[in-house]
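Per-entry structural report
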Amino acid sequence: MKKILKQLFLGLFLTGITAWGVLALYYGDSMTSPWQTGVAVLFGLSGILALMDVLGFRWRFRYFWVHLTLFIIVLITWLSIAPSNTRAWQQDVAKLAYATIEGDQVTLHNIRNFDYRSEFDYDPAYYDKTYNVSKLEEVELLAFYWMGPAVAHTILSFNFGEQGHLAVSIETRKELNEEYSTIKGFFRQYELMYIVADERDVIRLRTNYRNNPPEQGYLFKPTGGKENGRRLFLSYIEKINELYEKPTFYNTLLDNCTVAIWVRTWVNAEHLSFSWKILLSGYLPEYLYESKRLDQTLPFAELQQRAHINPLAKAAGDADDFSKRIRANYPPLD
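Notes on the structure in this doc start here.

Conventions we followed
Residues numbered from 1 in each chain as written. Predicted model: local features only at pLDDT ≥ 70, side-chain atom pairs only at ≥ 80, totals over all residues. Heavy atoms only, no water. Helix = DSSP H or I, 4+ residues; strand = E, 2+ residues; numbered from the N terminus. Buried < 20%, exposed > 50% of the residue type's maximum accessible area, 1.4 Å probe, protein only. Contact = heavy atoms within 4.5 Å. Areas by Shrake-Rupley, 256 points an atom, 1.4 Å probe, with all protein chains shown as cover. Core = buried A, V, L, I, M, F, W, Y, C linked by side-chain atoms within 4.5 Å. Phe/Tyr/Trp six-rings, centres within 6.5 Å; stacked < 30°, edge-to-face > 60°. Lys NZ or Arg CZ within 6 Å of the ring centre and 35° of its normal.

Turning our eyes to something else, we now look at the overall build of the protein chain. Regarding its fold elements, the protein chain presents 12 helices and 10 strands. C-alpha atoms of the protein chain, sized along the principal axes, occupy 80 × 45 × 40 Å. Counting only residues that meet the buried cut, the protein chain has 50% of its 334 residues in that class. By sequence separation, contacts in the protein chain at least 24 residues apart represent 65% of the contacts at least 6 residues apart. When the accessible surface of the protein chain is totalled, it reaches about 17200 Å², and 60% of it is carbon and sulfur.

Membership of the largest hydrophobic core comes to 66 residues, with the highest contact counts inside it found for Leu-108, Phe-158, Tyr-194, Phe-233 and Tyr-236. If near-sequence neighbours (up to four positions away) are discounted, Tyr-194 is found in contact with Val-168, Ser-169, Ile-170, Tyr-236, Lys-239, Ile-240, Leu-243, Ala-260 and Arg-264. Core analysis: the second largest hydrophobic core is formed by 19 residues, Ile-17, Val-74, Trp-78 and Phe-249 among them.

We now examine the packing of aromatic side chains. Scanning the entire structure with this criterion turns up 25 aromatic pairs. Aromatic side chains Phe-64 and Trp-65 sit 5.0 Å apart centroid to centroid with 80° between the ring planes, which places their arrangement in the edge-to-face category. Accessibility expressed as a relative area gives 8% for Phe-64, which makes it buried. Trp-65 sits in the exposed class, given a relative accessible area of 52%. In textbook terms, an aromatic cluster arises when at least three aromatic residues are bridged by ring pairs, as seen for Trp-20, Tyr-26, Tyr-27, Phe-71, Trp-78 and Phe-187. We note Arg-206 situated over the ring of Phe-144; from NZ or CZ to the ring centre the distance is 5.8 Å.

So, about unusual backbone geometry. Going from Asn-212 to Pro-213, the amide bond is cis rather than trans, its omega being -5°. Residue placement: Pro-213 occurs in the loop between helix 5 (204–209) and strand 10 (216–220). The backbone of Arg-188 shows a phi angle near 55°, a positive value even though the residue is not glycine. Topologically, Arg-188 is positioned in the loop between strand 8 (165–173) and strand 9 (191–197). Although it is not a glycine, Lys-292 adopts a positive phi angle of roughly 60°. If you trace the backbone, Lys-292 turns up in the loop between helix 9 (284–290) and helix 10 (300–307). On the basis of relative accessibility, which here comes to 59%, the residue Lys-292 falls in the exposed class.

Below, the structure is given as structure tokens:
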């Protein structure tokens, strides 16, 4: 029995490290090439030989240790892959935002404000703007769904009252001709990017122009207090400047659009406790409601219905008061 359990454990271990190693070699550093595919196949075959060794097929030497050594070499090579800010980027992620700070005045540079005709047809445009941190009134959460209730892209929008709204979307920074892949996101394939944008850009892109697949957007107003919001905003600014100077990799599980938001909220003692609903980002609004961080006067289903912004965004178009119009279902702040 012990022998069977040992073989089972080693078999699962070998299967795991071989599958990981094959994917790491296949994706490599950025774009996949034919030689990477060949090396990945050879590593997979090596894993099969090691598995046969564990199951009792004997060679002149224990091939298990050969394969384990190869895996360690692959792991070290993978860990040596470094992020960069100087790749051939897609135009929508070509410019990184950064901030300069003087007291309460924070000036954001390279705020994205593209003029869209369709998802991939647009005129690039950026602007700089100064915000007074003491004027921050609330932080709002936007969630965009395109593949069922469990998965959503989350964005925070900082409401500075008369100074306007500033949206920050945490995304992958893709190279030219590069597509997003959830699996690739585990293997150091994408740099992490905080897109600082005008709401008419980053929200309208998703509600008005993305059709394959279409996205449904919802705007929620979490409670938390102005001081907590200001600390969160400054935490964002710190990370934005850090990425401008020193790039880091996006990770599908550990450093994505929702987990990164949760990590930034650690600056506040009252931050949400961890939950699987943070990993399954589509359930984050529900988790906020259950944690009494959203309006409790309505059932969640009704609150979510009121939060739906697609019809409002389509009607608003590129109007100067776009941000006000998509909030028509909410009473103004006191």
